[in-house]
Amino acid sequence: MSKEVINVLSFYKFIKLQSLEILKKEIYRFMSQRYVHGTIILSPEGVNINICGSRDKIEESKRFLLRRLKIHKVFFNEDTINEIAFTKLKVKIKNEIIKLGFHLQQNQILDDEHIDSSKWDKLISGGRVIIDTRNKFEYLMGSFKNSINLDLYNFSDLENKIDKLSLPAKSKDIGIFCTGGIRCEKASLVLRKLGYKKIYQLHGGIINYLREKPSSTNWQGECFVFDDRITY
C-alpha cells in the first residue's frame, strides 16, 4: 500500500473579518472532520493559517477557506512532507494576526514592494541593506549573507530596534525578509513610518526562496519554520 501524501500549507491575508466566534466554529468543524491539523489565527485584521493533512483534504480546506473568507490573490507556501507537522488543530481569535500593536489594512500593502527570489539575489549582490525581521534565535540558526540582526526577542520591539540602527540615507534601497512574509508586511509599514522610501520584501519569505533556490550561496545556515521543522 502506498504511503499517504501529506501536505503542509501556510498563507495569510490582511482582510477585515467580523463574527469571529461563528467563523471559528465553522472552520474548526470543517477542518476537524477532515483530520486537518495546525493553527489558524483569526483577527479583525485578517487570517494567518498553518495547517497540514492529506493532499486531498488540504485542497478541500484551501477551497473552503478561500470561499468562506471571500479571499482572492493569496500566495500559498505549500510543500509535501514525510510526516505530520502538527498533532492538534487550533483555531484562535486574537487582536492581531501578527502582533505589533496596530492593525494593518490591505490597502496599506504595496504590491510593488514584493520581489521574487532572483531580484532578491540581485539586491544582495548589489550590497544593499538587508534586514532580518525574525527573532534572534531564528537569525542565529541561519540567515542571508550580510543581513542585519535586529536582536529581537519580541516582534513588538521591531520599531524601536530599527529606529536605533545606523542605516544609510532613507532614500536608499532596503531589503527585508522573514520566514513566510507576514512579519515583513507590518515591518514595511514601520519602515515607511520612519521615513524610508525604497523597501523591498522577499515575496513568500525564506520558505519560498529555499524552495526555488535550494543551492543558493546567499543563504547561510538553517531555517526554523512555523511547524518546528528545519529546512536547509
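See the structure shown above.
Residues numbered from 1 in each chain as written. Predicted model: local features only at pLDDT ≥ 70, side-chain atom pairs only at ≥ 80, totals over all residues. Heavy atoms only, no water.

Q: Give me the lowdown on unusual backbone geometry, citing residues and values where you can.
A: Keep in mind that most residues, glycine aside, have a negative phi and that most peptide bonds are trans. Positioned with a positive phi, lysine 70 is a non-glycine residue whose angle comes to about 55°. You can see lysine 70 is positioned in the loop between α2 (55–69) and β4 (77–81). Owing to a relative accessible area of 66%, lysine 70 belongs among the exposed residues under this scheme. One non-glycine residue with positive phi stands out, namely lysine 73, at about 55°. Its location among the elements puts lysine 73 in the loop between α2 and β4. (Helix = DSSP H or I, 4+ residues; strand = E, 2+ residues; numbered from the N terminus. Buried < 20%, exposed > 50% of the residue type's maximum accessible area, 1.4 Å probe, protein only.)

Q: Report on the pattern of salt bridges, specifying residues and quantitative values.
A: Tallied over the entire structure, the rule returns 16 salt bridges. Between arginine 34 and glutamate 60 there is a salt bridge, with its nearest N and O atoms 2.7 Å apart. Of this pair, arginine 34 sits in the loop between α1 (20–33) and β2 (37–43) while glutamate 60 sits in helix α2, placing them 26 residues apart in sequence. A salt bridge links lysine 213 to aspartate 121; the nearest nitrogen and oxygen atoms lie 3.4 Å apart. Taken together, the residues span a long stretch of sequence, with lysine 213 in the loop between α7 (205–212) and β12 (219–221) and aspartate 121 in helix α3 (residues 117–125) at a distance of 92 residues. The class for lysine 213 is partly exposed, based on a relative accessible area of 24%. On the basis of relative accessibility, which here comes to 16%, the residue aspartate 121 falls in the buried class. (Salt bridge = Lys/Arg side-chain N within 4 Å of Asp/Glu carboxyl O.)

Q: Explain the sheet that holds β2 to me, using residue names and the numbers behind them.
A: Strand order in the open sheet formed by five strands is β4-β1-β3-β2-β5, with mixed pairing between adjacent strands. Both outer strands of the open sheet, β4 and β5 (89–93), are each paired with one neighbouring strand and no more. Strand-to-strand twist in this sheet, taken as the mean axis angle between neighbours without regard to direction, amounts to 10°. Contacting β1 (6–14), β3 (46–54) and β4, α2 runs over the sheet at an angle of about 160° to β3. Across the sheet, helix α6 (residues 182–193) is in contact with β1 and β3; its angle to β1 comes to roughly 20°. (Pairing = 2+ DSSP bridges. Axes fitted to C-alpha atoms, helices over the stretch in contact; angles between N-to-C directions. Contact = heavy atoms within 4.5 Å.)

Q: Describe the pairing of β1, and please don't skip the residues or the numbers.
A: Counting buried residues in β1 gives nine out of nine residues, a clear majority hidden from the surface. What you see with β1 is no split at all: Ile6, Val8, Ser10, Tyr12 and Phe14 on one side and Asn7, Leu9, Phe11 and Lys13 on the other are buried throughout. By the bridge criterion, nine bridges tie β1 to β3 in an arrangement that is antiparallel. Following the sheet pairing, phenylalanine 11 is matched in β3 by isoleucine 49. As defined by bridge partners, β1 adjoins β4 across five bridges and the pair is classed as antiparallel. The residue bridging asparagine 7 from the neighbouring strand is threonine 80, located in β4.

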